[in-house]
Each structure stands twice: as structure tokens, then as C-alpha cells.
Amino acid sequence: MDNSQKDFTPQPQGKGQGGASGSLRKTLAVSLTNYLDAGAIVAGSSGITLWQNYLGLSEMHLGWLNALSANALGAAIGAIIGGFLADRFGRKFIFTYNLLVYMLGVLIIMFSFSFPMLLCGFLVTGISVGIGVPASWTYISESSEIHNRGRNICISQMSWGLGPMFILFFGMLLAPGGLLWGPVEALAGAVVGGDAPRAAVEVFSSRVVFFTLFVVALVAWTLQRQLEESTEFTSKQGEGESSIVGNIRLLFTNRIAVKTVAFLATIYLTWNLVASVMGFFMPHVYETAGGLSNETANMLSCVSWVFVVVTTFIISFYVDKVAHRLFYIFGLAAALSAWLLVIGGGITGIAGIWVFTILWGINNGSSVQIFYALWGSELFPAKFRAGAQGLMFFIVRGLSAVWGLVFTYIYGEHGEGFTLAAYCMIALLVVSLVVGLMGCPNTRGKSLGQITRERYGEEI
């Protein structure tokens, strides 16, 4: 067999050979990137009302924070850069430097005292998130055994759920009136003085929440710097050096690659336009449309993420054994049920809010993002695998930034447009469901090398 036919994807190994346990260790280290991605989004959303009160922000200000954050344009800018850098210089190159940028962004947010400074912190953090995500999903797939690839992506998704769950839990404890509000209030008094405006004191709750992200980022950076490079990446380096421009040209001129980008970008975009709004505005929606306190809103959002983690944990045992199509339908059915409940007027009471919270959590636990991450790392060759994901992430998060601004107009200052917004959400989810079912690939039980040869031939 010549070099072009060699399959460098890690194969299943027996006990004691370091196969599954090795990929699991790598997955856990890299998955912290997903924790920090979702954590950054939800840390902003859990304290957004506090920052609004402190800085006197309008709904338009909130829209810009969402648009330039890890939830949207910030991540989009980072992804288009980070994906092709990972294909040119390696996945480990991203792991070595990227989280230093993340920690800088978090520090800017922690010490913000004006809207421009807060916006800058959200943007820097978002760029780092975008740089890290394509490399992390690519590395997890390339380091996984054939029959554990879906499981490892699910573990990464669980980390994406654990981030918001813990962040919202901290937000609930540290929020004004929360169990740990006393120490936070004392810290705020020592820093800004006892005669400071109440809003300046209360926003320290959000500052401390962001500090927890700084600590996790420091731990993740330490662990990820110790990882070895992806075997599949190093094997391709032996075939000759390729430039970033060359990879971009190849991606845009290969018919199969272009069709795959269109398919994956469509299913992820339509789902993410809904999820990005909920990720950033969910507590705010609970407070305005539902009339709940900041503490209760964070608690309900935290519960939703508990269902994300539990659902993903269960699916991880079966995703490599059962048709992906079934889990894809299951997740979107839960999402559609949640928004149909909104249209039916079912979230005016606390019982309806609870049902909505649980259904949305189940959707995220079996979400389109799992299959986007899995298929996005399977359906492209190693030469531009991370770059293709970065391009799609750029498209999705960039358009999510625009949608975040549009949503603030639809939703209104006090949630008066919530029902109209729900109709928009349902339409987007239906598109994601239909397109996903039409294009669902059959990749279970196949190595990345086999998938690449079947789709692109031997010369790619």
C-alpha cells in the first residue's frame, strides 16, 4: 500500500494499549475549550441585566454585546482565522497560544467600567473562542478510535453543557440575594467604596463569575500545551507543505467540499440562530417576558443545562451504534415542541416555563451542534478539515450576530414581540430538520481516511 492509501486514523485498541483511554484523556483536555466557549456566552447573559443597570445600557447596547461576543461575530472572526492556521501550523499551535488571548479578554471584562471596554472584552474573548473551536473538534475526531468518535464528540458537547451549568450556578449563588452575595458585596464595598451606587456594587457578581472562567482557562491552557500533535496532521505534513492560500483555493474549487459546506452551514446556521439567541438572552427573557428575578432566571437556565448534560451523557453510549438520523430528529422535535408551547401561550405561568426549560435542555443535549461537529470533522480531508469548519463557523456566527440585533427589535424592550419571535424560531428549526434529514451522511464505523477516500478519491 502506498502512502496515499495509508489510513492514519487511530484504530480500536485493546485494553492496556492506551487506545480508548488515550483518546479520552485528549478529549477531556481539549473539551475545556467548549466549556469556555459556552461559559463565556452564558457568563455574559447571566449578568447582562446587572451590566445594563450599571452602565445604563439600552436593548440596542445588549444587541451589540451579543453581536460581538463569543456568541456571534467575535467567534466568527476567530474561526475563519483559527481554522486555516490549524491546518497550516497544526492543532497544537492553536492550543499553545490561543487561551492566552481568552484570558486577556476575560480580564478586560472583569475590570470594565464603560460600555466600550465591556464591548472590547466580549470581542477579544469571542475571537479566542472562534480560533479554538475548529481546532478542538478536529483534534478530537483525529485522535479518536473509529468506534469512539461520536462518543468523544458527545463528551465535548457535555463540556459545552457543563460550562453554562456551572456558570449559571455560580451566577445564582453570587447574584444579589444569592447565598454567597454577602462576600461579593463585601468585596465590592472594599473596591468601590461603601457609598457607591447600588448598581456598581451588584455588578461585582458578574465580575466574579468571569473570574471563574479565567481560572478554568488557565488550567485548560496548561493541559492543552502538553498534548502531542494530531497523528493525521503530522502524516499529511510528510506529503509536502501546503499554504493557507492553497488550502483555501482547494476548498472553494472542490465540488464535493463546496456542497458539504453548504449542507453543514445550512443545518447549523438555522439551528444556531435559535440557540445563539437563547444562549445569550434566555435569562433576560425569563426576567422580562416571564417576570422572574435575576436569581430565579439563572436557576431555571441552570436547570436547562443540567438536562443538556444528562441527555448528551445518555446519547454518548449509543451515538456510535444507532443511526445518527434518529438522534437528530429527537433533538429537533424537542426544540420545536418548546417553541410551539410558546405560541400556544404556555409560558405565562411557572409550570409552562418549566416545561419550556426542560424541552430546550433536551434539544441542546441531542442538538444539531453535536452532528455538525461530528460531520464537520468527518466529511472533509485533513488538508483543510479545520479550515472548512472555521469557514462554516464564520458564516454561522457572523449571521448570528446580525440576527442578534434583529431579534432585539422583534422581541421589544419588554418582550412584547415574543410570540412573533417564536414563529421565526419554529421556521428556522423546521429548515434545519428537513435539510438535515435530506443530507444525513452514513459515516458510522468508518475511519476518517476511508470517508475521505470515498468522497474525494485518492488525490485530494
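Remember, predicted model here, so these are calculated numbers, not experimental data. (Residues numbered from 1 in each chain as written. Predicted model: local features only at pLDDT ≥ 70, side-chain atom pairs only at ≥ 80, totals over all residues. Heavy atoms only, no water.)

A. View of the overall build of the protein. Check the secondary structure of the protein and you find 20 helices and zero strands. The burial tally for the protein puts 61% of its 460 residues in the buried class. Looking at the protein as shown, the accessible area adds up to about 16,800 Å², and 68% of this sits on carbon and sulfur atoms. (Helix = DSSP H or I, 4+ residues; strand = E, 2+ residues; numbered from the N terminus. Buried < 20%, exposed > 50% of the residue type's maximum accessible area, 1.4 Å probe, protein only. Areas by Shrake-Rupley, 256 points an atom, 1.4 Å probe, with all protein chains shown as cover.)

B. Local environment of the packing of aromatic side chains. A complete count under the given rule lists 22 aromatic pairs for this structure. Between F89 and F93 the ring centres are 5.3 Å apart and the planes differ by 35°, which places this aromatic pair in the tilted class. Residue class for F89 comes out partly exposed when judged on its relative accessible area of 42%. With centroids separated by 5.3 Å and ring planes inclined at 90°, the aromatic side chains of W339 and F356 adopt a geometry described as edge-to-face. (Phe/Tyr/Trp six-rings, centres within 6.5 Å; stacked < 30°, edge-to-face > 60°.)

C. Quick peek at a nonpolar patch on the surface. On the surface, V306, V310, F313, I314, F317 and Y318 cluster together into a nonpolar patch covering about 550 Å² of accessible area. Within the secondary structure, V310 sits in helix 14 (residues 294–316). (Patch = residues over 30% accessible without salt bridge, like charges linked within 9 Å, V, L, I, M, F, W, Y side chains within 5 Å. Salt bridge = Lys/Arg side-chain N within 4 Å of Asp/Glu carboxyl O.)

D. Representation of the side chain of S128 within the structure. Tracing the backbone through its elements, the reader meets S128 in helix 6 (residues 115–142). Given a relative accessible area of 1%, S128 falls into the buried group. Once you skip the residues sitting within four places of it in the chain, S128 turns out to touch N98, L99, V101 and Y102. (Contact = heavy atoms within 4.5 Å.)

E. Broad picture of the confidence of the model for the protein. A residue-level look at the protein finds 89% of positions with pLDDT of 70 or above and a mean pLDDT of 86. Taken together, the stretch residues 1–18 has pLDDT below 50 and engages in 30 contacts with residues farther than four places along the chain or on a different chain. (pLDDT = per-residue confidence, 0-100.)

F. Local environment of the nonpolar core. By size, the foremost hydrophobic cluster in this structure holds 131 residues, and its most contacted members are W339, W375 and F380. Per-element tally for this core: the top contributor is helix 13 (residues 255–288), with 15 residues. Each residue touching F380, except ones within four places of it in the same chain, is listed here: L251, A257, T260, V261, L264, R385, A388, M392, T452 and Y456. (Core = buried A, V, L, I, M, F, W, Y, C linked by side-chain atoms within 4.5 Å.)

G. Spotlight on the packing of helix 7 (residues 149–174) against helix 17 (residues 368–378). Remark: helix 7 packs on helix 17, axes separated minimally by 9 Å, with the N-to-C direction vectors making an angle of 135°. Classified by the interaxial angle, the pair formed by helix 7 and helix 17 is oblique. As helix 7 packs across helix 17, the resulting crossing turns out to be right-handed. Along the contact surface, helix 7 presents R149, G150, I153, C154, Q157 and W160, while helix 17 presents Q369, I370, A373, L374 and E378. Here the residues of the contact of helix 7 with helix 17 are counted per class, giving six nonpolar, three polar and two charged. (Axes fitted to C-alpha atoms, helices over the stretch in contact; angles between N-to-C directions. Parallel < 35°, antiparallel > 145°, perpendicular 65-115°, else oblique. Left-handed = near helix turned anticlockwise from the far one by under 90°. Nonpolar A, V, L, I, M, F, W, Y, C, P; charged D, E, K, R; others polar.)

H. The arrangement of the pattern of salt bridges in detail. In total, this model carries ten salt bridges according to the counting rule given. In this structure, the salt-bridge partner of R397 is D37, at a minimum N-O distance of 3.7 Å. One end of the pair, R397, is in helix 18 (residues 385–411); the other, D37, is in helix 1 (residues 20–46), and 360 residues separate them in sequence. Using a relative accessible area of 2% as the deciding quantity, one classes D37 as buried. Across the pair E378 and R149 runs a salt bridge whose closest N-O atoms are separated by 2.9 Å. Within this pair, whereas E378 is found in helix 17, its partner R149 is found in helix 7, the two being separated by 229 residues in sequence. The pair E378 / R149 is uniform in exposure class, with both members buried. The structure contains a network of salt bridges with shared partners spanning D87, R91, E142, E232 and R385.

I. Main features of helix 20 (residues 448–456). Taken as a whole, helix 20 has its buried residues at L448, G449, I451, T452 and Y456. Down the axis of helix 20, the buried side of the element spans an arc of 160°, and every buried residue falls inside it. (Arc of directions from axis to C-beta.)

J. Focus on the environment of N152. Mapped onto the elements, N152 comes out in helix 7. For the pair N152 and S141, spaced eleven residues apart in the sequence, the C-alpha separation amounts to 7.6 Å. Apart from residues no more than four positions distant in its own chain, N152 is found in contact with S23, T27, I140 and S144. A polar contact of 3.5 Å, which involves the side chain of N152, links it to the side chain of T27. Engagement of the side chain of N152 in a polar contact is seen with the side chain of S144, the distance being 2.8 Å. (Polar contact = N/O pair within 3.5 Å; in protein donor to acceptor, adjacent residues only side chain to side chain.)

K. Just the environment of I153, in detail. Tracing the chain through its elements places I153 in helix 7. The class for I153 is buried, based on a relative accessible area of 2%. Once the C-alpha coordinates of I153 and S316 are considered, the two residues, 163 residues apart in sequence, prove to be 8.3 Å apart. Excluding anything up to four places from it in sequence, I153 contacts W137, I140, S141, I370, A373 and L374.

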